Amino acid sequence: MPVERMLLATLVVLLAAANLLPGEAMEWNREAFGEGQWWRLWTGQFCHWSALHLAGNLAAVGAIALITGRRIQRWLSALPLLAPLLSLFLLAAAPALTHYRGLSGLVGALIVGAALEGGAIGRLLGLAYLAKLGFDAMRGGSSPLLPEGISTTWQAHLGGILLGIATAAALRYRRAGRLSGS
Amino acid sequence: MNGKMITTLLLATLVLSGCATWFDRGGQIHRGSVVDYLYPKGEQPTLTPTVPELRLPLRVGIAFVPGNNTLGELPETERELLLKRVRDAFANRPYIAAIEVIPSTYLRPRGGFDNLQQAARMFNVDVVALLSYDQVQFSDSNRLSIFYWTIVGGYFINGSQYDVNTLVDAAVFDMTTRSLLFRAPGTSQIKGSSPLVKFAEASREARGEGYRQAVDDLIPRLNTQLEAFRVRVKEEKVARIVEKPGYNRGSGSVDLATLGLLGTLAALAMLKKRHAG
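Going by what an unreviewed UniProt entry lists, chain B is known as Rhombotarget lipoprotein and is assigned to Zoogloea dura.

An unreviewed UniProt entry annotates chain A as Rhombosortase originating from Zoogloea dura.

*Asks:* I tried to follow the overall build of chain B on my own but got confused; where do I start?
*Replies:* Scanning chain B for helices and strands turns up seven helices and nine strands. Relative to its 277 residues, chain B shows a buried fraction of 44%. Across chain B, every contact between residues at least 6 apart in sequence was considered, and the portion connecting residues at least 24 apart equals 77%. Carbon and sulfur atoms provide 60% of the accessible area of chain B, an area that totals close to 15100 Å².

*Asks:* Sorry, what's going on with empty space enclosed by the protein here?
*Replies:* A water-sized probe, rolled over the atoms, reveals where empty space remains. Residue and element names in this part refer to chain B. Taken as a whole and judged by the stated rule, the model has two cavities of 30 Å³ or more. The space that makes up the largest cavity amounts to roughly 400 Å³. In terms of lining, the largest cavity is formed by 23 residues, of which the most central are Leu-58, Tyr-95, Ile-96, Phe-182 and Leu-226. Of all the elements in the fold, those that place two or more residues in the lining of the largest cavity are strand S2 (53-56), strand S3 (58-64), helix H3 (76-90), strand S4 (96-101), strand S5 (127-141), strand S7 (180-194) and helix H6 (199-235).

*Asks:* I'm lost on the interface of chain A and chain B in this one. Help?
*Replies:* Note: interface size is frequently given as the accessible area lost on complex formation between the parts. The interface of chain A with chain B comprises 42 residues on the first partner and 32 residues on the second. A buried area of about 3000 Å², summed over both sides, lies between chain A and chain B, and 62% of it is on carbon and sulfur atoms. For the interface between chain A and chain B, the tally reads one salt bridge. One salt bridge in this structure joins A:Lys132 and B:Asp255, with 2.4 Å as the shortest N-O distance. Put simply, chain A and chain B have three residue pairs in polar contact (both at pLDDT 80 or more) between them.

*Asks:* Whenever I open this one, the nonpolar core confuses me. Can you help?
*Replies:* Burial of nonpolar side chains together is a common tendency in soluble globular proteins. Judged by nonpolar contacts, the single largest core of 41 residues is most densely connected at A:Phe46, A:Ile64, A:Ile67, A:Leu79, A:Leu106, A:Leu110 and A:Leu125. Elements that contribute at least two residues to this core include exactly helix H1 (2-20), helix H5 (51-68), helix H6 (72-93), helix H7 (104-117), helix H8 (119-139) and helix H9 (154-181) of chain A together with helix H7 (256-276) of chain B. It is H6(A) that provides the largest number of residues to this core, a total of eight residues. Membership of the second largest hydrophobic core comes to 35 residues, among which are B:Ile96, B:Ala129, B:Tyr211 and B:Ala239.

*Asks:* What's the story with the UniProt feature "transmembrane region" (unreviewed entry) in chain A in this structure? I'm lost.
*Replies:* Residue and element names in this part refer to chain A. The feature "transmembrane region" (unreviewed entry), as given by UniProt, occupies residues 49-68, 75-97 and 103-130 in the numbering adopted here. In residues 49-68, the share of helix is 90% and the share of strand is 0%. The end C-alpha atoms are 28 Å apart. What you have in residues 103-130 is 93% helix and 0% strand, and the ends, taken at the C-alpha atoms, are 17 Å apart.

*Asks:* Please explain the pairing of strand S6 (residues 160-174) of chain B as it appears in this structure.
*Replies:* The side chains of a regular strand alternate between the sheet's two faces. The element S6(B) is extensively covered by neighbouring structure, given that twelve of its 15 residues are classed as buried. Here S6(B) hands over to S7(B) after five residues, with B:Arg178 in that stretch at a positive phi of 60 degrees.

*Asks:* Hey, could you run me through the confidence of the model for chain A in this one?
*Replies:* Per-residue confidence for chain A gives a mean pLDDT of 89, with 97% of residues at or over 70. Highest mean pLDDT in chain A belongs to helix H4 (residues 40-43) of chain A (94); lowest belongs to strand S3 (residues 151-152) of chain A (82).

*Asks:* When you look at H5(A) in this model, what are you seeing that I'm missing?
*Replies:* Spacing of three or four residues puts side chains on the same side of an α-helix, whose turn is 3.6 residues. Counted at 1.5 Å a residue, the expected span for H5(A) with its 18 residues is 26 Å, and the 26 Å between its end C-alpha atoms agrees. Residues A:His53, A:Gly56, A:Asn57, A:Ala60, A:Val61, A:Ala63, A:Ile64, A:Ile67 and A:Thr68 constitute the buried set of H5(A). Along the axis of H5(A), the buried positions cluster into a sector of 160 degrees, meaning they face one direction only. Looking at the packing, one finds that the buried side of H5(A) touches H6, strand S2 (99-101), H7 and H8 of chain A together with strand S9 (249-251) and H7 of chain B. Following H5(A) by one or two positions, A:Gly69 has its phi on the positive side, about 85 degrees.

*Asks:* Explanation requested: the pairing of S7(B) in the structure shown.
*Replies:* Note that S6(B) and S7(B) share 14 bridges and pair antiparallel. Residue pairing for S7(B): B:Val172 is matched across the bridge by B:Phe182.

*Asks:* Can you walk me through the environment of B:Tyr37 in this structure?
*Replies:* All names here are of chain B. Within the secondary structure, Tyr-37 is located in helix H2 (residues 34-38). A C-alpha to C-alpha distance of 6.8 Å links Tyr-37 and Val-65, two positions 28 residues apart in sequence. The contacts of Tyr-37, once residues within four sequence positions are left out, are Val-65, Pro-66, Leu-107, Arg-108, Arg-110, Gly-111, Gly-112, Asn-115, Leu-116 and Leu-130.

Cut-offs used in this document
- Residues numbered from 1 in each chain as written.
- Chains lettered and ligands numbered in written order.
- Predicted model: local features only at pLDDT ≥ 70, side-chain atom pairs only at ≥ 80, totals over all residues.
- Heavy atoms only, no water.
- Helix = DSSP H or I, 4+ residues; strand = E, 2+ residues; numbered from the N terminus.
- Buried < 20%, exposed > 50% of the residue type's maximum accessible area, 1.4 Å probe, protein only.
- Contact = heavy atoms within 4.5 Å.
- Areas by Shrake-Rupley, 256 points an atom, 1.4 Å probe, with all protein chains shown as cover.
- 1 Å grid on protein atoms, 1.4 Å probe; cavity = no way out; pocket = protein on both sides within 12 Å on 5 of 7 lines; lining within 4 Å.
- Points joined across faces, edges and corners; volume = space filled by probe spheres on them.
- Buried area = accessible area lost by both parts, 1.4 Å probe.
- Salt bridge = Lys/Arg side-chain N within 4 Å of Asp/Glu carboxyl O.
- Polar contact = N/O pair within 3.5 Å; in protein donor to acceptor, adjacent residues only side chain to side chain.
- Core = buried A, V, L, I, M, F, W, Y, C linked by side-chain atoms within 4.5 Å.
- UniProt positions renumbered as here; feature names shortened; annotations may be inferred.
- Pairing = 2+ DSSP bridges.
- pLDDT = per-residue confidence, 0-100.
- Expected span 1.5 Å × (residues − 1).
- Arc of directions from axis to C-beta.

And the structure:
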(Lines give C-alpha, C1' and ligand atoms only; values in the text may rest on other atoms or scores of the structure.)
Protein backbone atom coordinates (compact mmCIF):
# COMPACT_ATOMS: atom_id res chain seq x y z
CA MET A 1 0.00 0.00 0.00
CA PRO A 2 1.59 3.31 -1.10
CA VAL A 3 0.45 5.29 1.98
CA GLU A 4 1.88 2.65 4.29
CA ARG A 5 5.19 2.67 2.38
CA MET A 6 5.32 6.44 2.49
CA LEU A 7 4.76 6.39 6.25
CA LEU A 8 7.47 3.74 6.69
CA ALA A 9 9.88 5.91 4.68
CA THR A 10 8.93 8.88 6.88
CA LEU A 11 9.69 6.73 9.93
CA VAL A 12 13.18 5.93 8.64
CA VAL A 13 13.88 9.60 7.82
CA LEU A 14 12.64 10.73 11.25
CA LEU A 15 14.72 8.12 13.04
CA ALA A 16 17.85 9.04 11.08
CA ALA A 17 17.41 12.81 11.40
CA ALA A 18 16.56 12.71 15.10
CA ASN A 19 19.65 10.69 15.93
CA LEU A 20 22.15 12.27 13.55
CA LEU A 21 21.32 15.93 14.18
CA PRO A 22 22.24 17.57 17.52
CA GLY A 23 20.10 16.13 20.33
CA GLU A 24 19.37 19.54 21.90
CA ALA A 25 17.63 20.66 18.73
CA MET A 26 15.68 17.41 18.35
CA GLU A 27 14.58 16.48 21.90
CA TRP A 28 11.14 16.99 23.41
CA ASN A 29 11.60 20.29 25.23
CA ARG A 30 8.69 21.91 27.05
CA GLU A 31 10.20 25.40 26.86
CA ALA A 32 11.04 25.10 23.16
CA PHE A 33 7.43 24.22 22.26
CA GLY A 34 6.49 27.64 23.62
CA GLU A 35 8.97 29.17 21.15
CA GLY A 36 7.28 27.46 18.23
CA GLN A 37 9.71 24.59 17.70
CA TRP A 38 6.96 22.16 16.77
CA TRP A 39 9.18 19.66 14.92
CA ARG A 40 10.20 18.43 18.35
CA LEU A 41 6.73 16.85 18.69
CA TRP A 42 7.96 14.31 16.13
CA THR A 43 11.72 14.18 16.63
CA GLY A 44 11.54 14.07 20.45
CA GLN A 45 10.09 10.57 20.27
CA PHE A 46 12.88 9.32 17.99
CA CYS A 47 16.05 10.95 19.35
CA HIS A 48 18.04 9.36 22.17
CA TRP A 49 20.35 10.25 25.03
CA SER A 50 23.11 7.86 23.91
CA ALA A 51 23.96 5.19 21.35
CA LEU A 52 23.31 2.53 24.00
CA HIS A 53 19.87 3.99 24.67
CA LEU A 54 19.08 3.90 20.92
CA ALA A 55 20.43 0.34 20.58
CA GLY A 56 18.25 -0.87 23.49
CA ASN A 57 15.08 0.60 21.99
CA LEU A 58 15.86 -0.70 18.48
CA ALA A 59 16.51 -4.16 19.92
CA ALA A 60 13.05 -4.00 21.55
CA VAL A 61 11.47 -3.06 18.19
CA GLY A 62 13.32 -5.96 16.54
CA ALA A 63 12.05 -8.44 19.13
CA ILE A 64 8.46 -7.19 18.75
CA ALA A 65 8.77 -7.57 14.97
CA LEU A 66 9.89 -11.20 15.43
CA ILE A 67 6.91 -11.90 17.73
CA THR A 68 4.33 -10.16 15.53
CA GLY A 69 5.58 -11.13 12.09
CA ARG A 70 4.80 -9.21 8.88
CA ARG A 71 1.75 -7.54 10.38
CA ILE A 72 4.07 -5.29 12.41
CA GLN A 73 4.57 -3.19 9.26
CA ARG A 74 1.26 -1.37 9.52
CA TRP A 75 1.94 -0.68 13.20
CA LEU A 76 5.37 0.67 12.36
CA SER A 77 3.85 2.85 9.66
CA ALA A 78 1.53 4.37 12.27
CA LEU A 79 4.46 5.61 14.40
CA PRO A 80 5.05 8.92 12.53
CA LEU A 81 1.37 9.74 13.15
CA LEU A 82 1.43 8.63 16.79
CA ALA A 83 4.68 10.49 17.69
CA PRO A 84 3.16 14.02 17.94
CA LEU A 85 0.11 12.66 19.79
CA LEU A 86 2.37 11.00 22.36
CA SER A 87 4.34 14.25 22.70
CA LEU A 88 1.12 16.16 23.39
CA PHE A 89 0.08 13.45 25.87
CA LEU A 90 3.38 13.96 27.73
CA LEU A 91 2.79 17.71 27.93
CA ALA A 92 -0.38 17.02 29.88
CA ALA A 93 0.45 13.79 31.72
CA ALA A 94 3.97 14.68 32.96
CA PRO A 95 3.81 18.34 34.01
CA ALA A 96 7.22 18.23 35.75
CA LEU A 97 8.97 16.87 32.66
CA THR A 98 11.18 19.45 30.95
CA HIS A 99 13.24 17.35 28.50
CA TYR A 100 12.52 13.94 27.00
CA ARG A 101 14.14 11.63 24.45
CA GLY A 102 13.39 8.06 23.50
CA LEU A 103 11.45 5.67 21.33
CA SER A 104 10.09 3.40 24.03
CA GLY A 105 6.84 5.35 24.44
CA LEU A 106 6.04 4.35 20.87
CA VAL A 107 7.32 0.83 21.64
CA GLY A 108 4.30 0.67 24.00
CA ALA A 109 2.02 1.12 20.97
CA LEU A 110 3.87 -1.64 19.10
CA ILE A 111 3.39 -3.95 22.10
CA VAL A 112 -0.38 -3.45 21.80
CA GLY A 113 0.05 -4.50 18.16
CA ALA A 114 2.01 -7.58 19.25
CA ALA A 115 -0.65 -8.43 21.86
CA LEU A 116 -3.41 -8.26 19.22
CA GLU A 117 -1.62 -9.82 16.28
CA GLY A 118 1.18 -11.91 17.77
CA GLY A 119 -0.87 -14.87 19.05
CA ALA A 120 -0.44 -16.33 22.55
CA ILE A 121 3.16 -15.11 22.85
CA GLY A 122 2.06 -11.58 21.91
CA ARG A 123 -0.71 -11.65 24.52
CA LEU A 124 1.77 -12.89 27.13
CA LEU A 125 4.06 -9.97 26.21
CA GLY A 126 1.14 -7.51 26.54
CA LEU A 127 0.25 -8.79 30.02
CA ALA A 128 3.86 -8.77 31.24
CA TYR A 129 4.36 -5.24 29.88
CA LEU A 130 1.24 -3.99 31.67
CA ALA A 131 2.48 -5.51 34.95
CA LYS A 132 5.89 -3.88 34.44
CA LEU A 133 4.23 -0.52 33.73
CA GLY A 134 2.28 -0.74 36.99
CA PHE A 135 5.48 -1.55 38.87
CA ASP A 136 7.34 1.41 37.26
CA ALA A 137 4.45 3.79 38.00
CA MET A 138 4.59 2.86 41.70
CA ARG A 139 8.34 2.55 42.18
CA GLY A 140 9.76 4.87 39.49
CA GLY A 141 11.81 3.38 36.71
CA SER A 142 15.40 3.69 35.65
CA SER A 143 17.48 1.87 33.09
CA PRO A 144 21.20 1.05 32.98
CA LEU A 145 21.04 1.99 29.30
CA LEU A 146 20.54 5.64 30.28
CA PRO A 147 23.20 8.23 31.16
CA GLU A 148 23.41 9.37 34.77
CA GLY A 149 20.68 11.68 36.05
CA ILE A 150 18.04 10.59 33.54
CA SER A 151 15.06 8.56 34.63
CA THR A 152 12.51 6.54 32.70
CA THR A 153 9.24 8.37 32.08
CA TRP A 154 6.58 5.74 32.70
CA GLN A 155 3.90 8.18 31.48
CA ALA A 156 5.37 7.80 27.98
CA HIS A 157 4.87 4.03 28.16
CA LEU A 158 1.29 4.52 29.38
CA GLY A 159 0.66 7.00 26.57
CA GLY A 160 2.10 4.52 24.07
CA ILE A 161 -0.28 1.80 25.25
CA LEU A 162 -3.30 4.13 25.10
CA LEU A 163 -2.33 5.28 21.60
CA GLY A 164 -1.79 1.62 20.63
CA ILE A 165 -5.35 0.81 21.75
CA ALA A 166 -6.64 3.81 19.76
CA THR A 167 -4.69 2.63 16.71
CA ALA A 168 -6.18 -0.87 17.05
CA ALA A 169 -9.66 0.66 17.19
CA ALA A 170 -8.94 2.78 14.11
CA LEU A 171 -7.61 -0.22 12.17
CA ARG A 172 -10.67 -2.27 13.13
CA TYR A 173 -12.97 0.59 12.09
CA ARG A 174 -11.18 0.87 8.73
CA ARG A 175 -11.41 -2.88 8.18
CA ALA A 176 -15.12 -2.87 9.06
CA GLY A 177 -15.66 0.03 6.63
CA ARG A 178 -13.93 -1.90 3.84
CA LEU A 179 -15.96 -5.04 4.50
CA SER A 180 -19.26 -3.16 4.49
CA GLY A 181 -18.15 -1.31 1.33
CA SER A 182 -17.46 -4.54 -0.52
CA MET B 1 85.64 60.69 -0.18
CA ASN B 2 87.35 58.58 -2.82
CA GLY B 3 86.01 55.43 -4.44
CA LYS B 4 88.23 53.13 -2.38
CA MET B 5 86.85 54.44 0.88
CA ILE B 6 83.24 54.12 -0.28
CA THR B 7 83.86 50.53 -1.34
CA THR B 8 85.39 49.73 2.06
CA LEU B 9 82.45 51.30 3.90
CA LEU B 10 79.92 49.38 1.80
CA LEU B 11 81.74 46.10 2.39
CA ALA B 12 81.91 46.75 6.11
CA THR B 13 78.16 47.47 6.22
CA LEU B 14 77.35 44.30 4.33
CA VAL B 15 79.59 42.16 6.51
CA LEU B 16 78.28 43.61 9.76
CA SER B 17 74.63 43.28 8.77
CA GLY B 18 75.34 39.70 7.71
CA CYS B 19 76.81 38.94 11.12
CA ALA B 20 73.74 40.37 12.80
CA THR B 21 71.48 37.88 11.08
CA TRP B 22 73.89 35.01 11.50
CA PHE B 23 73.58 35.02 15.23
CA ASP B 24 70.81 33.31 17.11
CA ARG B 25 67.82 35.60 17.64
CA GLY B 26 66.82 33.75 20.81
CA GLY B 27 63.18 32.93 21.51
CA GLN B 28 59.87 34.06 22.89
CA ILE B 29 57.90 32.81 25.85
CA HIS B 30 54.16 33.32 26.31
CA ARG B 31 52.80 32.05 29.53
CA GLY B 32 49.50 32.20 31.39
CA SER B 33 49.75 30.20 34.58
CA VAL B 34 46.68 29.10 36.46
CA VAL B 35 48.60 29.18 39.76
CA ASP B 36 49.83 32.75 39.17
CA TYR B 37 46.28 33.80 38.30
CA LEU B 38 44.45 32.08 41.15
CA TYR B 39 47.10 32.47 43.86
CA PRO B 40 48.86 35.73 42.92
CA LYS B 41 50.40 36.30 46.34
CA GLY B 42 51.70 32.77 46.60
CA GLU B 43 49.07 31.86 49.19
CA GLN B 44 48.40 28.17 49.88
CA PRO B 45 45.18 26.60 48.51
CA THR B 46 42.78 26.02 51.40
CA LEU B 47 42.21 22.35 52.09
CA THR B 48 38.64 22.15 53.31
CA PRO B 49 37.13 18.66 53.27
CA THR B 50 34.00 19.71 51.34
CA VAL B 51 32.39 17.65 48.63
CA PRO B 52 31.39 19.87 45.67
CA GLU B 53 27.70 19.84 44.86
CA LEU B 54 27.11 19.87 41.10
CA ARG B 55 23.63 20.99 40.15
CA LEU B 56 22.55 19.49 36.83
CA PRO B 57 22.31 20.60 34.16
CA LEU B 58 25.59 22.44 34.63
CA ARG B 59 26.30 25.85 33.22
CA VAL B 60 29.97 25.86 32.29
CA GLY B 61 32.25 28.82 31.65
CA ILE B 62 35.44 28.49 29.65
CA ALA B 63 38.27 31.02 29.59
CA PHE B 64 41.94 31.51 28.96
CA VAL B 65 43.97 32.52 31.99
CA PRO B 66 44.88 36.19 31.46
CA GLY B 67 48.53 36.40 30.46
CA ASN B 68 51.16 39.07 30.83
CA ASN B 69 49.83 41.01 27.81
CA THR B 70 53.14 41.03 26.01
CA LEU B 71 53.38 41.73 22.31
CA GLY B 72 53.06 38.55 20.29
CA GLU B 73 50.51 36.87 22.58
CA LEU B 74 47.54 35.12 21.02
CA PRO B 75 44.99 37.76 19.93
CA GLU B 76 41.59 37.78 21.67
CA THR B 77 39.74 36.81 18.47
CA GLU B 78 41.98 33.76 18.06
CA ARG B 79 41.46 32.86 21.73
CA GLU B 80 37.72 32.98 21.28
CA LEU B 81 37.92 30.72 18.23
CA LEU B 82 39.93 28.17 20.22
CA LEU B 83 37.52 28.32 23.16
CA LYS B 84 34.61 27.83 20.78
CA ARG B 85 36.28 24.67 19.46
CA VAL B 86 36.39 23.28 22.98
CA ARG B 87 32.82 24.44 23.61
CA ASP B 88 31.51 22.75 20.44
CA ALA B 89 33.23 19.48 21.41
CA PHE B 90 31.41 19.35 24.76
CA ALA B 91 28.12 21.12 24.04
CA ASN B 92 26.12 18.01 23.16
CA ARG B 93 26.04 16.53 26.66
CA PRO B 94 22.74 15.97 28.43
CA TYR B 95 24.14 17.14 31.77
CA ILE B 96 25.47 20.43 30.36
CA ALA B 97 22.90 23.19 29.92
CA ALA B 98 25.26 25.72 28.31
CA ILE B 99 28.93 26.48 27.80
CA GLU B 100 29.73 30.18 27.93
CA VAL B 101 32.95 31.56 26.46
CA ILE B 102 34.36 34.13 28.92
CA PRO B 103 36.58 36.66 27.10
CA SER B 104 39.96 37.35 28.70
CA THR B 105 38.98 41.01 29.06
CA TYR B 106 36.60 39.96 31.85
CA LEU B 107 39.50 38.53 33.86
CA ARG B 108 42.22 40.54 35.59
CA PRO B 109 45.83 39.29 35.48
CA ARG B 110 46.61 37.80 38.92
CA GLY B 111 42.98 38.40 39.85
CA GLY B 112 42.62 35.31 42.01
CA PHE B 113 39.51 33.29 42.78
CA ASP B 114 37.60 36.48 43.68
CA ASN B 115 37.98 37.76 40.13
CA LEU B 116 37.09 34.36 38.66
CA GLN B 117 33.96 34.14 40.81
CA GLN B 118 32.93 37.65 39.71
CA ALA B 119 33.16 36.57 36.08
CA ALA B 120 31.35 33.30 36.85
CA ARG B 121 28.47 35.24 38.44
CA MET B 122 28.40 37.67 35.53
CA PHE B 123 28.09 34.79 33.04
CA ASN B 124 25.88 32.76 35.38
CA VAL B 125 28.02 29.62 35.33
CA ASP B 126 28.50 26.90 37.98
CA VAL B 127 31.91 25.61 36.96
CA VAL B 128 34.74 27.19 34.97
CA ALA B 129 37.28 25.47 32.75
CA LEU B 130 40.43 27.61 32.89
CA LEU B 131 42.91 27.17 30.06
CA SER B 132 46.48 27.97 31.04
CA TYR B 133 49.20 27.97 28.41
CA ASP B 134 52.93 27.90 28.05
CA GLN B 135 54.42 28.51 24.64
CA VAL B 136 58.14 28.69 23.97
CA GLN B 137 59.52 29.62 20.59
CA PHE B 138 63.18 28.99 19.79
CA SER B 139 64.55 30.80 16.74
CA ASP B 140 67.94 30.58 15.10
CA SER B 141 69.66 30.65 11.77
CA ASN B 142 70.72 27.62 9.81
CA ARG B 143 73.60 27.17 7.36
CA LEU B 144 71.56 28.60 4.50
CA SER B 145 71.49 31.97 6.23
CA ILE B 146 74.93 32.60 4.77
CA PHE B 147 73.01 33.63 1.63
CA TYR B 148 71.52 36.55 3.56
CA TRP B 149 74.84 38.26 2.86
CA THR B 150 73.64 38.64 -0.68
CA ILE B 151 70.58 40.61 0.58
CA VAL B 152 68.45 38.89 -2.11
CA GLY B 153 68.92 35.67 -0.12
CA GLY B 154 66.99 37.28 2.74
CA TYR B 155 63.90 37.20 0.51
CA PHE B 156 64.16 33.73 -0.97
CA ILE B 157 66.34 31.43 1.14
CA ASN B 158 64.88 29.67 4.18
CA GLY B 159 67.81 30.50 6.41
CA SER B 160 65.88 31.20 9.63
CA GLN B 161 64.27 28.40 11.56
CA TYR B 162 61.86 28.20 14.47
CA ASP B 163 60.70 25.55 16.90
CA VAL B 164 57.45 26.28 18.74
CA ASN B 165 56.51 24.13 21.75
CA THR B 166 53.03 24.67 23.19
CA LEU B 167 51.26 23.34 26.25
CA VAL B 168 47.60 24.11 26.93
CA ASP B 169 46.17 22.82 30.18
CA ALA B 170 42.47 22.85 31.07
CA ALA B 171 41.61 22.86 34.77
CA VAL B 172 37.93 22.65 35.69
CA PHE B 173 36.95 24.39 38.95
CA ASP B 174 33.73 24.33 40.93
CA MET B 175 32.95 27.97 41.64
CA THR B 176 31.14 27.45 44.94
CA THR B 177 33.80 25.39 46.71
CA ARG B 178 36.73 26.61 44.55
CA SER B 179 37.84 23.01 44.24
CA LEU B 180 39.59 21.52 41.23
CA LEU B 181 37.35 18.85 39.69
CA PHE B 182 39.66 17.52 36.99
CA ARG B 183 42.27 18.65 34.50
CA ALA B 184 43.79 17.61 31.17
CA PRO B 185 46.73 18.82 29.07
CA GLY B 186 47.24 19.23 25.34
CA THR B 187 50.62 19.70 23.65
CA SER B 188 52.07 20.45 20.23
CA GLN B 189 55.42 21.01 18.60
CA ILE B 190 55.88 22.86 15.34
CA LYS B 191 59.15 23.23 13.47
CA GLY B 192 59.72 25.27 10.34
CA SER B 193 61.91 27.69 8.49
CA SER B 194 61.46 30.80 6.40
CA PRO B 195 63.42 33.55 4.64
CA LEU B 196 64.58 36.38 6.87
CA VAL B 197 62.09 38.99 5.68
CA LYS B 198 59.11 36.66 6.23
CA PHE B 199 60.35 35.27 9.52
CA ALA B 200 58.16 37.37 11.82
CA GLU B 201 55.01 36.47 9.88
CA ALA B 202 55.91 32.77 9.56
CA SER B 203 56.78 32.38 13.23
CA ARG B 204 53.59 34.23 14.27
CA GLU B 205 51.55 31.85 12.11
CA ALA B 206 53.43 28.90 13.66
CA ARG B 207 52.61 30.14 17.16
CA GLY B 208 48.91 30.35 16.27
CA GLU B 209 49.04 26.88 14.70
CA GLY B 210 50.80 25.62 17.84
CA TYR B 211 47.83 26.71 19.95
CA ARG B 212 45.35 25.19 17.51
CA GLN B 213 47.14 21.83 17.51
CA ALA B 214 47.52 21.86 21.29
CA VAL B 215 43.77 22.50 21.69
CA ASP B 216 43.02 19.68 19.23
CA ASP B 217 45.23 17.43 21.36
CA LEU B 218 43.52 18.67 24.52
CA ILE B 219 39.90 17.94 23.50
CA PRO B 220 40.05 14.09 23.51
CA ARG B 221 42.15 14.10 26.69
CA LEU B 222 39.67 16.40 28.41
CA ASN B 223 36.88 14.11 27.31
CA THR B 224 38.72 11.12 28.83
CA GLN B 225 39.21 12.99 32.10
CA LEU B 226 35.55 14.04 32.13
CA GLU B 227 34.46 10.41 31.76
CA ALA B 228 36.93 9.37 34.49
CA PHE B 229 35.52 12.11 36.73
CA ARG B 230 31.97 10.82 36.15
CA VAL B 231 33.13 7.35 37.23
CA ARG B 232 34.79 8.85 40.33
CA VAL B 233 31.55 10.71 41.16
CA LYS B 234 29.65 7.43 40.93
CA GLU B 235 32.12 5.19 42.75
CA GLU B 236 34.16 7.42 45.05
CA LYS B 237 31.52 10.14 45.61
CA VAL B 238 34.01 12.92 44.87
CA ALA B 239 31.06 15.22 44.12
CA ARG B 240 27.37 15.25 44.90
CA ILE B 241 24.98 15.38 41.95
CA VAL B 242 21.76 17.34 42.46
CA GLU B 243 19.17 18.17 39.83
CA LYS B 244 18.15 21.82 39.64
CA PRO B 245 14.52 22.47 40.59
CA GLY B 246 12.22 22.38 37.62
CA TYR B 247 14.70 20.32 35.64
CA ASN B 248 13.46 16.87 34.92
CA ARG B 249 15.00 14.89 32.10
CA GLY B 250 13.03 11.86 31.16
CA SER B 251 13.43 9.14 28.67
CA GLY B 252 11.54 6.50 26.82
CA SER B 253 13.81 3.59 27.46
CA VAL B 254 13.35 -0.12 27.84
CA ASP B 255 15.18 -1.58 30.83
CA LEU B 256 17.11 -4.84 30.97
CA ALA B 257 14.11 -6.77 32.40
CA THR B 258 11.91 -5.71 29.46
CA LEU B 259 14.68 -6.48 26.99
CA GLY B 260 15.15 -9.91 28.59
CA LEU B 261 11.40 -10.60 28.38
CA LEU B 262 11.26 -9.46 24.75
CA GLY B 263 14.30 -11.55 23.86
CA THR B 264 12.87 -14.69 25.45
CA LEU B 265 9.46 -14.25 23.82
CA ALA B 266 11.02 -13.49 20.44
CA ALA B 267 13.10 -16.67 20.70
CA LEU B 268 9.94 -18.60 21.63
CA ALA B 269 8.09 -17.13 18.65
CA MET B 270 10.93 -18.16 16.32
CA LEU B 271 10.92 -21.71 17.71
CA LYS B 272 7.16 -21.92 17.33
CA LYS B 273 7.35 -20.76 13.71
CA ARG B 274 10.10 -23.28 12.97
CA HIS B 275 8.01 -26.11 14.43
CA ALA B 276 4.90 -24.95 12.53
CA GLY B 277 6.95 -24.75 9.29
